Amino acid sequence: NKKGFIFDLDGVIVDTAKYHFLAWQNLAKSIDIDFTHEQNEQLKGVSRVKSLEKILNWGNKTISEELFTSLMGKKNEEYLSFIAKMTDEEILPDVPRVLDYLIEKAQPISLGSASKNARPILEKVNLLSKFDAIVDGNDVSKAKPDPEVFLIAAKHLNMKPEDCIVFEDSVAGVQAANTANMISIGIGEKDVLHEADYIFSDFTEIENSFIEELINR
Ligand code: B16
Ligand code: MG
């Protein structure tokens, strides 16, 4: 038995949301916009362009295209400077255990992330080699909740969408998985991710016996 296992990156494999937050906060400050932790929550799973559009909207600001492009570049530069210092200690609890169990059971594994920085991050935390396919922000034209990223991942794994299982921490990502006709597993809070087929706080709650059930579904 084989299933396609698809993992989101930020908030599922590593907690890079804190770095996105710092970089967006500094950017907002530089153009006199207040940016809160609650607002940052709403940027989870949202692409870089869409995130900046939202921040400008919240701050009631319109800016020139040139400034928009330069702010995006600055945000990413600062974000990359945080990423550069990452180590495998920043992998979220029990993620390696689940990945290794899937590898032991010869299950195909893909990344399905909105981030354009997915590869360097996986390299930094030494997980790149565990994936059979990487689908990220460089491969898609439509952002989550559009199912494109997960459908491309299924194709790369040679699996039918209904035989794929998605791990996601964002509402948009859970919706994308559901629309793709995949099994959605929310990683995070029950009241936020209630649309998911299954919800866990983190991977420490996901036992190998549950993975085994998913494989044999
Ligand atoms: P980048 P995911 C998403 O990654 C993040 O959750 C989101 O906050 C970020 O804006 C987006 O990637 C784009 O990231 O600026 O690195 O291209 O959760 O889909 O893995
Ligand atoms: Mg995420």
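Let me begin by describing the structure that accompanies this report. (Residues numbered from 1 in each chain as written. Chains lettered and ligands numbered in written order. Predicted model: local features only at pLDDT ≥ 70, side-chain atom pairs only at ≥ 80, totals over all residues. Heavy atoms only, no water.)

1. Details of the sheet that holds strand E4 (residues 164-168)
Keep this limit in mind: At least two bridges found by DSSP between two strands is the condition for calling them paired. Starting at the N terminus, helices and strands are each numbered in turn, a helix being any DSSP run of H or I of at least four residues and a strand any DSSP run of E of at least two. Axis lines are fitted to C-alpha atoms, over the contacting stretch for helices. Their N-to-C directions set the angle, which ranges from 0 to 180 degrees.
With parallel pairing, the 6 strands of this open sheet are ordered in space as E3-E2-E1-E4-E5-E6. The sheet terminates laterally at strand E3 (133-135) and strand E6 (198-200), the two strands that pair on one side only. Averaged over neighbouring strand pairs, the angle between their axes works out to 20° when direction is ignored.

2. Overview of the side chain of Asp169
The following threshold applies: The buried label goes to any residue with under 20% of its type's maximum accessible area, the exposed label to any with over 50%, and the partly exposed label to all in between, with areas taken from a 1.4 Å probe on protein chains only. Counted as positive: Lys and Arg. Counted as negative: Asp and Glu. His and the chain ends are not counted at all. By salt bridge we mean one thing: a side-chain nitrogen of Lys or Arg within 4 Å of a carboxyl oxygen of Asp or Glu. When checking whether two residues touch, look at their non-hydrogen atoms; a contact exists if any pair is within 4.5 Å.
With respect to the helices and strands, the residue Asp169 is situated in the loop between E4 and helix H8 (171-179). Although buried, Asp169 forms no salt bridge, and the nearest oppositely charged side chain, Lys44, lies 4.2 Å from it. With residues up to four places along the chain from it excluded, the contact list for Asp169 reads Asp8, Asp10, Gly11, Val12, Lys44, Ile187 and Leu193.

3. Structural notes on the nonpolar core
Definition in use: Think of a nonpolar core as a cluster: buried Ala, Val, Leu, Ile, Met, Phe, Trp, Tyr and Cys residues, connected wherever their side-chain atoms sit within 4.5 Å.
Counting residues in hydrophobic clusters, the biggest one holds 39 residues, and the most contacted among them are Phe7, Ile13, Phe131, Phe167 and Ile185. In terms of residue count, the dominant contributor to this core is helix H5 (residues 95-104) (5 residues). Sequence-distant contacts of Ile13, that is, excluding residues within four places in its chain, are made with Phe7, Asp8, Glu90, Ile91, Leu92, Val95, Leu111, Leu122, Leu127 and Phe131. Ala133, Phe150, Ala180 and Met182 belong to the second-largest nonpolar core, a separate cluster that totals 15 residues.

4. Here we look at the site of ligand 1
Basically, it comes down to this: We call a residue near a molecule or strand whenever a single non-hydrogen atom of that residue lies within 4 Å of it. By the criterion applied in these results, polar contacts are pairs of N or O atoms within 3.5 Å in which, for protein atoms, one can donate a hydrogen and the other can accept it, and in which residues neighboring in sequence qualify only through two side-chain atoms. Using the Shrake-Rupley algorithm and a 1.4 Å probe, accessible areas are obtained, with residue cover drawn only from the displayed protein chains. When residue character is reported, Ala, Val, Leu, Ile, Met, Phe, Trp, Tyr, Cys and Pro are called nonpolar, Asp, Glu, Lys and Arg charged, and the others, Gly included, polar.
Around ligand 1, 18 residues are found, and the nearest of them are Val46, Ser113, Ser115, Lys116 and Asn117. A distance of 3.2 Å is found between an oxygen atom of ligand 1 and a backbone nitrogen or oxygen belonging to Leu9. Protein contact buries 97% of the 470 Å² of open area that ligand 1 shows by itself. At the level of elements, helix H3 (48-58) and helix H4 (65-83) are the ones that each hand at least two residues to the shell around ligand 1. Of the residues that constitute the shell around ligand 1, the class distribution is 5 nonpolar, 6 polar and 7 charged.

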